Amino acid sequence: FLHLLTACNLSCAHCYINPKEHGNSILGKEQLESWIRLFRDPEKESNIVFLGGEPTMHPGLFEIIEAFHQEGVYVSLATNGMMDQRILAQLAEIKNLWIICSVDGGPEQHNRYRRASFDSVIRNLLCIKERSPSTRIRLTTVLTKANCNQMRELAGIYRAVGADSITVIPLR
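Residues numbered from 1 in each chain as written. Predicted model: local features only at pLDDT ≥ 70, side-chain atom pairs only at ≥ 80, totals over all residues. Heavy atoms only, no water.

(A) Quick peek at the packing of helix α4 (residues 85-93) against helix α6 (residues 118-131). Here α4 crosses α6 at 35°, and the two axes come no closer than 9 Å. Once α4 is placed against α6, the crossing between them reads as right-handed. Here α4 contributes Gln-85, Leu-88, Ala-89, Leu-91 and Ala-92 to the contact with α6, which in turn contributes Asn-124, Cys-127, Ile-128 and Arg-131. (Axes fitted to C-alpha atoms, helices over the stretch in contact; angles between N-to-C directions. Helix = DSSP H or I, 4+ residues; strand = E, 2+ residues; numbered from the N terminus. Left-handed = near helix turned anticlockwise from the far one by under 90°. Contact = heavy atoms within 4.5 Å.)

(B) How the structure looks around the pattern of salt bridges. Inspection of the entire model under this criterion finds 3 salt bridges. Notably, a salt bridge pairs Arg-112 with Glu-108, separated by 3.0 Å at the nearest N-O pair. Placement of both Arg-112 and Glu-108 in helix α5 (residues 107-113) is noted, with a separation of 4 residues, approximately one turn of the helix. Residue Arg-112 is classed as exposed on the basis of its relative accessible area of 52%. Between Asp-164 and Lys-129 there is a salt bridge whose closest N-O contact spans 3.5 Å. Here Lys-129 lies in helix α6 and Asp-164 lies in the loop between α7 (151-160) and β6 (165-170), a separation of 35 residues in the sequence. (Salt bridge = Lys/Arg side-chain N within 4 Å of Asp/Glu carboxyl O. Buried < 20%, exposed > 50% of the residue type's maximum accessible area, 1.4 Å probe, protein only.)

(C) A look at the pairing of β6. In the sheet, strand β5 (residues 136-143) pairs with β6 via 6 bridges, with the strands oriented parallel. The partner of Leu-143 across the bridge, within β6, is Pro-170. On the question of chirality, the crossover connecting β5 to the parallel β6 by way of α7 is right-handed. (Pairing = 2+ DSSP bridges. Right-handed = clockwise from strand over helix to strand, strands pointing away.)

(D) Seen up close, the sheet that holds strand β2 (residues 46-51). Taken together, 6 strands build an open sheet; the order of strands is β1-β2-β3-β4-β5-β6 and the sheet is parallel. One side of each edge strand has no neighbouring strand; the edge strands of this open sheet are β1 (2-3) and β6.

(E) The arrangement of a nonpolar patch on the surface in detail. Taken together, the side chains of Met-151, Ile-166 and Val-168 define a hydrophobic patch exposed on the protein surface, amounting to about 200 Å² of accessible area. In this structure, Met-151 sits in helix α7. (Patch = residues over 30% accessible without salt bridge, like charges linked within 9 Å, V, L, I, M, F, W, Y side chains within 5 Å. Areas by Shrake-Rupley, 256 points an atom, 1.4 Å probe, with all protein chains shown as cover.)

(F) Spotlight on the layout of surface pockets. Of the pockets and cavities examined, the largest pocket occupies roughly 720 Å³. For the largest pocket, the lining is made up of 28 residues, of which Tyr-16, Leu-51, Ser-102, Thr-140 and Ile-169 are closest to its centre. Only β2, β3 (73-79), β4 (97-102), β5 and β6 provide two or more residues apiece to the lining of the largest pocket. Among the residues forming the lining of the largest pocket, the class breakdown is 16 nonpolar, 9 polar and 3 charged. Lining the second largest pocket, in full, are Leu-2, Trp-35, Ile-36, Phe-39, Arg-40, Ser-46, Asn-47, Ile-48, Phe-68 and Val-73. The set of elements that each furnish at least two residues to the lining of the second largest pocket consists of α2 (29-39) and β2. A class-by-class count of the residues in the lining of the second largest pocket yields 7 nonpolar, 2 polar and 1 charged. (1 Å grid on protein atoms, 1.4 Å probe; cavity = no way out; pocket = protein on both sides within 12 Å on 5 of 7 lines; lining within 4 Å. Points joined across faces, edges and corners; volume = space filled by probe spheres on them. Nonpolar A, V, L, I, M, F, W, Y, C, P; charged D, E, K, R; others polar.)

In C-alpha cells form, the structure reads like this:
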C-alpha cells in the first residue's frame, strides 16, 4: 500500500489522511521508480495498491502506473470514485487494473459520509466497467452503526456495478 499524496476532492469525516497531520507532499515518479527496483522480486507476483488522499489527483498517476506495469507489478487503485471524464477514459485504457472504491451504504448513508457523491461514484464505476469489462472492481465499505443494516442494499449495489469483490472495514 502506497499513499501517493494527501490531497483529496472530498472531506470525509472518518478519513484518517489529512494534510494538516500528514503534510501535502506528492511522491514523484523518480522516487517511486527507485522503490520499484528496491522491492520488486522478479520471481514473485507483485501487487501495489495506490492510495491517497485521492490518487487520481496525482499529476503523474498514469506514468507511474505504466512504470509499475513495465516492471511486471500489478496495480490496484483505491479511489473515492469522484473523477472527471478524462480520468475515467484513461483508467478504462489500462489493462490489468483493479479499482478499489469506497461505497458506504445506500445513497442517503453514503452521501452523509462522502459529501453527496453517491450518484457520481456509481455512474463512474458503471462507465469504467462498460468501457473496460476486464477492469476489476472492489467495493470497500466502512461499517458503522449507521450503515450496518444496509448490507442487502450494498449487495445490490455490488451486483449493479459488476464488482468482483467487497471489503467491509468495521469502524471502531
